[in-house]
Protein chains: 4
Amino acid sequence: MSSQFGKTLTLSTFGASHGMAIGAVIDGLPCGPAIDIESLQAFLKRRAPGQNRLTTQRKEGDVPHFLSGLVDGKLSGSPLAFYIENTNQHSKDYGNLRDIPRPSHADYTAQLRYGEGVDMRGGGHFSGRLTAPLCVAGGIALQLLAMKGIQVAAHCYSIGPIKDMIIDAVHPDMEALIKAGQETVPMVDVTVREDAAQYIDTMRKEQNSTGGVVEVFVTGYPAGIGNPNFDGVENRLASAFFGVPGLKGIAFGSGFEASAHTGAEENDAFTMAADGQTIVTKTNHCGGIQGGITNGMPLIIKAAMKPTPSIAQEQDSVSLSKKENTKLIIKGRHDPCITLRAVPVFEAVTALVLLDFLLPEMKEWS
Amino acid sequence: MSSQFGKTLTLSTFGASHGMAIGAVIDGLPCGPAIDIESLQAFLKRRAPGQNRLTTQRKEGDVPHFLSGLVDGKLSGSPLAFYIENTNQHSKDYGNLRDIPRPSHADYTAQLRYGEGVDMRGGGHFSGRLTAPLCVAGGIALQLLAMKGIQVAAHCYSIGPIKDMIIDAVHPDMEALIKAGQETVPMVDVTVREDAAQYIDTMRKEQNSTGGVVEVFVTGYPAGIGNPNFDGVENRLASAFFGVPGLKGIAFGSGFEASAHTGAEENDAFTMAADGQTIVTKTNHCGGIQGGITNGMPLIIKAAMKPTPSIAQEQDSVSLSKKENTKLIIKGRHDPCITLRAVPVFEAVTALVLLDFLLPEMKEWS
Amino acid sequence: MSSQFGKTLTLSTFGASHGMAIGAVIDGLPCGPAIDIESLQAFLKRRAPGQNRLTTQRKEGDVPHFLSGLVDGKLSGSPLAFYIENTNQHSKDYGNLRDIPRPSHADYTAQLRYGEGVDMRGGGHFSGRLTAPLCVAGGIALQLLAMKGIQVAAHCYSIGPIKDMIIDAVHPDMEALIKAGQETVPMVDVTVREDAAQYIDTMRKEQNSTGGVVEVFVTGYPAGIGNPNFDGVENRLASAFFGVPGLKGIAFGSGFEASAHTGAEENDAFTMAADGQTIVTKTNHCGGIQGGITNGMPLIIKAAMKPTPSIAQEQDSVSLSKKENTKLIIKGRHDPCITLRAVPVFEAVTALVLLDFLLPEMKEWS
Amino acid sequence: MSSQFGKTLTLSTFGASHGMAIGAVIDGLPCGPAIDIESLQAFLKRRAPGQNRLTTQRKEGDVPHFLSGLVDGKLSGSPLAFYIENTNQHSKDYGNLRDIPRPSHADYTAQLRYGEGVDMRGGGHFSGRLTAPLCVAGGIALQLLAMKGIQVAAHCYSIGPIKDMIIDAVHPDMEALIKAGQETVPMVDVTVREDAAQYIDTMRKEQNSTGGVVEVFVTGYPAGIGNPNFDGVENRLASAFFGVPGLKGIAFGSGFEASAHTGAEENDAFTMAADGQTIVTKTNHCGGIQGGITNGMPLIIKAAMKPTPSIAQEQDSVSLSKKENTKLIIKGRHDPCITLRAVPVFEAVTALVLLDFLLPEMKEWS
């Protein structure tokens, strides 16, 4: 179904930007593990808007209210359901959207699909706001993975034309990534980070926006997980990632750059690790996956986000009712670079997919 | 399941490179339409090996034997099953692979997943040979789409560092693409095509290989198809594309380049078409999809293929039994650029996914 | 997943008997139709406990709080989510259940499956209370089916050894069934109804309980809906029906009795209807389905419910911790005949499954 | 999809009664176990027609040709595909069926669903012949279950009005059942068996047919397998069982009879087994499943089969083209009691579903 993904662990989201609430049901979580709500809330804060001038000034608490699945702070094994109230809606900002679709938004396609009556205020069910329940679910998945020594951390590989330093693919500095994740602009290199902040601010001032690439790293994930052909780790991650509004591309390891390389450059030669037992690869161009199955090296995923389509400049559009060309000015408060807030979102989705693969293999969690 | 994809139209592949046969079952095809077997066979020939010096010299007929689903040349509505005999196996070429895994192949991860006994001769069930049944199924899907005026055509966007001419995203020249598809190097620009051929030949002589990017265009596909969130056109295409061995990344429209653009550059402004009725966009950076739903513009998908990992050079690997480093020389005949033969494969997968979305909307086919 | 069913229309339930709330998410509903909440609440009341001496004296409002999917009283096309608060829990009644499993309850198997920590107060996630969200979702489905002239109505075919009158399988008296559905004992024959009421009351006084068979009728459902083999109307109804706690068997049309008949007795001969156009059958032993596909005759489904396992008599059980035999007395208030309240539940599940099949065929709902 | 079932282990069948071949693909089998083909062939013979005067005189070899998934007689872990040639088709027997549908067959509903062109000779894809691939797949599943000490055996609980002896639900005599399975009429009680044989022969002579109930027993299956709500052992078994043509009802344990019992009669009291460790129940009315999860007691499933609808008597039907009433005489050779041959089929389906549940729990098979 459209609002669901997962096989052993299923996430089912609900809600719309300007409805009463958004939320999700997660089915398939193990019975027993304790969830640290405070730590979860800290994770959610990384995605939440209104933190500073580089992100939208809307303020939404993003506090999940749990309806089921938690008993005395522990996962009960039955579906975990929660909702987040929508408290900060400016519906009037969306007055003319029903007739004049915003360029590069889903306003027009939503009407084609659901009919004229569809509620697209704030993006409706297509809104980036739906990534909040993804982060609640993913935040819980991250805690479960951490219990098994698995770390997931992402940074902005690039913001517009500005690139962060290259992270070592064989031994990624997870601490540096986690630390960067706390920054408004989650980049590892401090100088680049400042440049990027300035670039975003310029975009904002120019009533423009910018895209960016998020790069996710995972360490400690077991080897031998996944399947060939159509149910590999890449298949499921790719499908789930495209559930995040604004994604234009996904790649693993060296990704699109691999296509410009030769086999001699790109192949990951095997070698024995220092322990004399573990088989590793000297390089990690593949991003930790071969034939849909993990090989024990760090997982590396790149996600290309388009620039925020809501820009304050006047844009060309059409009146659907009058069937004529017209101009559109989008009101309201919008992120000049949605990529910043997408960083924890992709960590969350990565964690959900990886946990989904792991659950049939690891039965004991508490 | 690992060997399946699709929702209304399900493809279930089987077989291994060095087993008796490969094939597939397709469930959900409409009842009635006639299939042109000759045209199907011509499509399969584009993928088949042994055509010239740029592709592997193995010769396999790739003739599908239909077991069910066709009555008097017409689709019967019940599952269509077929197999292709494996006639040209050189198992001795794979003597030492069980112990010494080939770099950037699935030999090692397959053993982790299935145990030491797994049959990985020729890549086993992970082999690129499994793309032959994909092309049979996809070839049928292409014929069905054509009945509705939908065209699918792909070219090599790039081979290694060499890029084909830019194809117009709003009005792609489908004829030129289809014509290019008949070439050994399926590129539109004749000069670039010759450069690429020479580059591949150089790679072959140097016992090396190259990657490339395939770009698929679809015209005539209806607007309003797809779903938001996790079951959009992008989600399903991305998941299915990663069923093709060697894929490292997938992107839609301007893809990874979108992340370096500004919103003002990237947004696709709406405008009324010349007919005064149809709503189109002036540009097509989104690749024909917004919010998981088609907008009526051409669909554009980029698929980044890694260089063929089987190269004739000596490579570093390990002996799994002895747990020590060793050298490996891969014998046999291999494509210096698998991307060439991947072009019809991605056309096929695209057609299967798009037909899957279309079937609940279009009930009459004959 | 365990808490979900449906293909185009997916229901995902959550909650436990003694948790904060129960509820569900329904994905795939059409955009536009108005829902009559008052009528929905009246439907829920038929399932709700505490109505009279024949059902448990627990009083639960069963008022759904909608979180999303309804805008101005109309379905919005995006997932509909709701919860029902649990207001009337007597957790102390379940003090010793963790160690001494109740016979013919899921207490023991739940611990095998989820571990000792599983919360089974009131049946936990296995509780019959989970049929409340089923009824909310099914109540909405019933309203949608009614818009297309489809009626669903059920009665108690039998309570213990007492059988209701036979309902005509070709022309079922839907009005009589709907009227009976408003009774405490939903049987059509008034005399039988009184006998059954007395029988149940006797069971209650004897600290015992009784089972029963629910029979569901559907009229107005289109012919030609469903699929052969593993995705027929029977397959999906059967699978969904077993989501109702206490079900021991399901049958279609003449069901188990068909197996004692001869072909000459059981075959449903075709004949032209009075209109000279419609093809009908003279009898309806098949219950409206052949080869998994509806034939336009009324659908008839029988569901056999076991007697309520919670009886006040002392029963034999074991102490799981001491691994020794022991006695158990179940406290609290329990239905002597859960079958009574199962009648609207099976109407609800039937409606959900039939709507799921119908949605790809009928796109216009408002 | 219509021709598929299973989650970890997926079966995908294909073929039609009068097509070239029938067969299936099984995905998800473990890598390593050796399959005893001779023993599999002996199992298939129990379903095959033409064995004696009580079953149809059509002779079909039912020899599976394996295309993939077996290497040196061992399961390879990749999808197992096979086909069975259709060698004995009498298409002329089905000349007028396209216009005059056979009562209680799928001829009419198939045309409603697939259009007039659908090939229904011999029942097409709806044919009982599709149970042959079910038995090949199920025969392999039975061998895998046997490796873990799990036995599956069925008998005819009843043929028309004639009932076999009651099999002990707590300690079923599996040897007696397996022995009975070798008989033409698979009943345990010799006298009943002869009565049933005579009854079937009488039906045949009278150009009539009879139904029957198959009862399946499973011993040795682990406790704690399955899920609550919509993915329990009963849900999946029920859904898969309705893939067998002719099924009218399914029940577990005491089934429909439970609904006439009191709680005191029906409840299965717990007690410690003689070993002082194992928890068992004194009775087994539930048929080994509570809350969708196995409790370690034998599994018991009843399947009610309708009488063979193909009877030689003249029957009432209609001409679809002329829209008028007419008479129909069905030619060809048909089983007077299809229930006999359904016995191994339900063993096969049971084994497939139970193996599907078991595979995520038991990773080591060879």
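These numbers come from a predicted model, not from an experiment. (Residues numbered from 1 in each chain as written. Chains lettered and ligands numbered in written order. Predicted model: local features only at pLDDT ≥ 70, side-chain atom pairs only at ≥ 80, totals over all residues. Heavy atoms only, no water.)

J.: Lay out the overall build of chain A with the relevant residues and their values.
T.: From N to C terminus, chain A includes eight helices and 19 strands. Since a compact globule built from 366 residues should have a radius of gyration of about 21 Å, the 21 Å found for chain A is in line with a globular shape. Across its three principal axes, chain A shows a C-alpha extent of roughly 70 × 50 × 35 Å. Counting every position in chain A, which comprises 366 residues, the buried fraction comes to 67%. Residue pairs in contact within chain A that sit at least 24 positions apart in sequence constitute 70% of those at least 6 positions apart. Looking at chain A as shown, the accessible area adds up to about 12,000 Å², and 50% of this sits on carbon and sulfur atoms. (Helix = DSSP H or I, 4+ residues; strand = E, 2+ residues; numbered from the N terminus. Rg over C-alpha atoms; globule rule 2.2 N^0.38 Å. Buried < 20%, exposed > 50% of the residue type's maximum accessible area, 1.4 Å probe, protein only. Contact = heavy atoms within 4.5 Å. Areas by Shrake-Rupley, 256 points an atom, 1.4 Å probe, with all protein chains shown as cover.)

J.: Lay out the interface of chain A and chain B with the relevant residues and their values.
T.: Each partner contributes to the interface: chain A provides 97 residues, whereas chain B provides 97 residues. Between chain A and chain B, roughly 7,500 Å² of surface is buried when both sides are summed, and carbon and sulfur atoms account for 60% of that area. The shortest N-O distance in the salt bridge between B:Lys282 and A:Asp316 comes to 2.6 Å. In this assembly, chain A and chain B are joined by 50 residue pairs in polar contact (both at pLDDT 80 or more). Considering only residue class, the side of chain A that touches chain B consists of 42 nonpolar, 41 polar and 14 charged. Strand direction decides the pairing type here: strand 12 (residues 247-252) of chain A and strand 12 (residues 247-252) of chain B, joined by three bridges, are antiparallel. Bridge assignment links A:Gly249 to a residue of strand 12 of chain B, and that residue is B:Ala251. (Buried area = accessible area lost by both parts, 1.4 Å probe. Salt bridge = Lys/Arg side-chain N within 4 Å of Asp/Glu carboxyl O. Polar contact = N/O pair within 3.5 Å; in protein donor to acceptor, adjacent residues only side chain to side chain. Nonpolar A, V, L, I, M, F, W, Y, C, P; charged D, E, K, R; others polar. Pairing = 2+ DSSP bridges.)

J.: Could you give me a rundown of the environment of D:Gly212, with the residues and numbers involved?
T.: Residue and element names in this part refer to chain D. Tracing the chain through its elements places Gly 212 in strand 11 (residues 212-219). Classification of Gly 212 by relative accessible area gives buried; the value is 0%. Taking the C-alpha atoms as reference points, Gly 212 and Ala 342, separated by 130 residues in sequence, lie 9.7 Å from one another.

J.: Please provide a residue-by-residue account of the relation of the copies chain D and chain C, values included.
T.: Expressed as a screw operation, the relation of chain D to chain C combines 0.0 Å of axial shift with a rotation of 180°, fitting to an RMSD of 0.0 Å. Considering both components of the superposition, the chain copies are consistent with a two-fold axis. Comparing interface residues between copies, 100% of those in chain D also sit at the interface in chain C, which points to an isologous, same-surface contact. (Least-squares fit on C-alpha atoms with pLDDT ≥ 70 in both.)

J.: Go over the state of the cysteines with me, naming the residues and quoting the values.
T.: All names here are of chain B. By the definition in use, this model includes zero disulfides over all chains. We note that Cys 156 lacks a disulfide partner, and the nearest cysteine sulfur, in Cys 337, lies 6.2 Å from it. Cys 156 sits in the buried class, given a relative accessible area of 0%. (Disulfide = S-S within 2.5 Å.)

J.: Residue-level account of the environment of A:Thr262, with values.
T.: For A:Thr262, the position within the fold is in the loop between strand 12 and helix 7 (263-266). In sequence terms A:Thr262 and A:Ala42 are 220 residues apart; their C-alpha atoms lie 44 Å from each other. Apart from residues lying up to four places away in sequence, A:Thr262 is in contact with B:Tyr199, B:Met203, B:Asn208, B:Ser209, B:Thr210 and B:Pro307.

J.: Residues and numbers for helix 2 (residues 107-114) of chain D, please.
T.: Counting buried residues along helix 2 of chain D, six of its eight residues qualify, which places the element largely inside the surrounding structure. The set of residues buried in helix 2 of chain D consists of D:Asp107, D:Tyr108, D:Thr109, D:Ala110, D:Gln111 and D:Tyr114. For helix 2 of chain D, the elements touching its buried residues are strand 4 (31-34) of chain B together with strand 13 (270-272), strand 14 (279-281), strand 15 (289-290) and strand 16 (293-294) of chain C. Among the residues trailing helix 2 of chain D, D:Gly115 stands out with phi positive, at a value near 95°.

J.: Describe the sheet that holds strand 3 (residues 21-27) of chain B, listing the residues and the values that go with them.
T.: All names here are of chain B. What the five strands build is an open sheet, ordered 1-2-3-8-5; its pairing is antiparallel. Strands at the two margins of the open sheet, each flanked by one partner only, are strand 1 (4-5) and strand 5 (65-68). Bridge analysis of strand 2 (residues 10-15) against strand 3 gives six bridges, and the strand direction is antiparallel. When the bridges of strand 3 are listed, Thr 10 appears paired with Asp 27.

J.: For the packing of helix 1 (residues 37-47) of chain D against helix 8 (residues 339-358) of chain D, give the residues involved together with the corresponding values.
T.: All names here are of chain D. Relative orientation of the contacting elements helix 1 and helix 8 amounts to 130°, with a least axis distance of 6 Å. In terms of orientation, helix 1 lies oblique with respect to helix 8. Residues Phe 43, Arg 46 and Arg 47 of helix 1 pack against Arg 341, Val 343, Pro 344, Val 345, Glu 347 and Ala 348 of helix 8. Considering only residue class, the contact of helix 1 with helix 8 consists of five nonpolar, no polar and four charged. (Axes fitted to C-alpha atoms, helices over the stretch in contact; angles between N-to-C directions. Parallel < 35°, antiparallel > 145°, perpendicular 65-115°, else oblique.)

J.: So what's going on with the relation of the copies chain A and chain B? Residues and values would help.
T.: For these two chains of identical sequence, chain A goes onto chain B by a turn of 180° and a shift of 0.0 Å along the axis, with RMSD 0.0 Å. An overlap of 100% is found between the interface residues of chain A and their copies at the interface of chain B, pointing to a shared contact surface.

J.: Explain the side chain of C:Asp335 to me, and be specific about the residues and the numbers.
T.: Residue and element names in this part refer to chain C. As for its placement among the helices and strands, Asp 335 is situated in the loop between strand 19 (324-328) and helix 8 (339-358). Residue classification places Asp 335 among the buried residues on the basis of a relative accessible area of 3%. Here Arg 341 takes part through its side chain, which lies 2.5 Å from a polar atom of the side chain of Asp 335.

J.: Outline the sheet that holds strand 6 (residues 70-71) of chain C, listing residues and values.
T.: The strand order 4-7-6 (chain C) describes an open sheet built from three strands, whose pairing is antiparallel. Whereas interior strands pair on both sides, the edge strands pair on one side only; in this sheet they are strand 4 (31-34) and strand 6 of chain C.

J.: Give me the lowdown on the interface of chain D and chain C, citing residues and values where you can.
T.: Taken together, the 97 residues of chain D in the interface contact 97 residues of chain C. Carbon and sulfur atoms supply 60% of the area buried between chain D and chain C, which totals about 7,500 Å² over both sides. Considering only the surface of chain D that becomes buried against chain C, D:Phe230, D:Lys248 and D:Phe270 emerge as the three largest contributors, covering 12% of it. For the interface between chain D and chain C, the tally reads two salt bridges. Along the lines of polarity and charge, the residues of the side of chain D that touches chain C split into 42 nonpolar, 41 polar and 14 charged.

J.: Describe the packing of helix 6 (residues 233-241) of chain C against helix 8 of chain C, listing the residues and the values that go with them.
T.: Residues and elements named next belong to chain C. For the pair helix 6 and helix 8, interaxial distance at closest approach is 10 Å and the crossing angle is 140°. The orientation of helix 6 relative to helix 8 falls into the category oblique. For the pair helix 6 and helix 8, the sense of crossing is right-handed. Mapping the contact onto sequence places Val 233, Arg 236, Leu 237, Ala 240 and Phe 241 in helix 6 and Phe 346, Val 349, Thr 350, Val 353, Leu 354, Asp 356 and Phe 357 in helix 8. A class-by-class count of the residues in the contact of helix 6 with helix 8 yields nine nonpolar, one polar and two charged. (Left-handed = near helix turned anticlockwise from the far one by under 90°.)

J.: Mind laying out the packing of aromatic side chains, listing which residues take part and the relevant values?
T.: All chains considered together, the criterion is met by 28 aromatic pairs over all chains. Measuring from centroid to centroid gives 5.5 Å for A:Tyr108 and B:Phe270, while their planes differ by 70°, and the two rings are edge-to-face. In this pair, A:Tyr108 sits in helix 2 (residues 107-114) while B:Phe270 sits in strand 13 (residues 270-272), so the two residues belong to two different chains. Judged by its relative accessible area of 10%, A:Tyr108 is buried. The class for B:Phe270 is buried, based on a relative accessible area of 5%. The lysine or arginine in question, A:Arg113, covers the ring of A:Tyr114, its NZ or CZ lying 4.5 Å from the ring centre. Residue placement shows B:Lys148 over the ring face of B:Trp365; its charged tip is 4.6 Å from the ring centre. (Phe/Tyr/Trp six-rings, centres within 6.5 Å; stacked < 30°, edge-to-face > 60°. Lys NZ or Arg CZ within 6 Å of the ring centre and 35° of its normal.)

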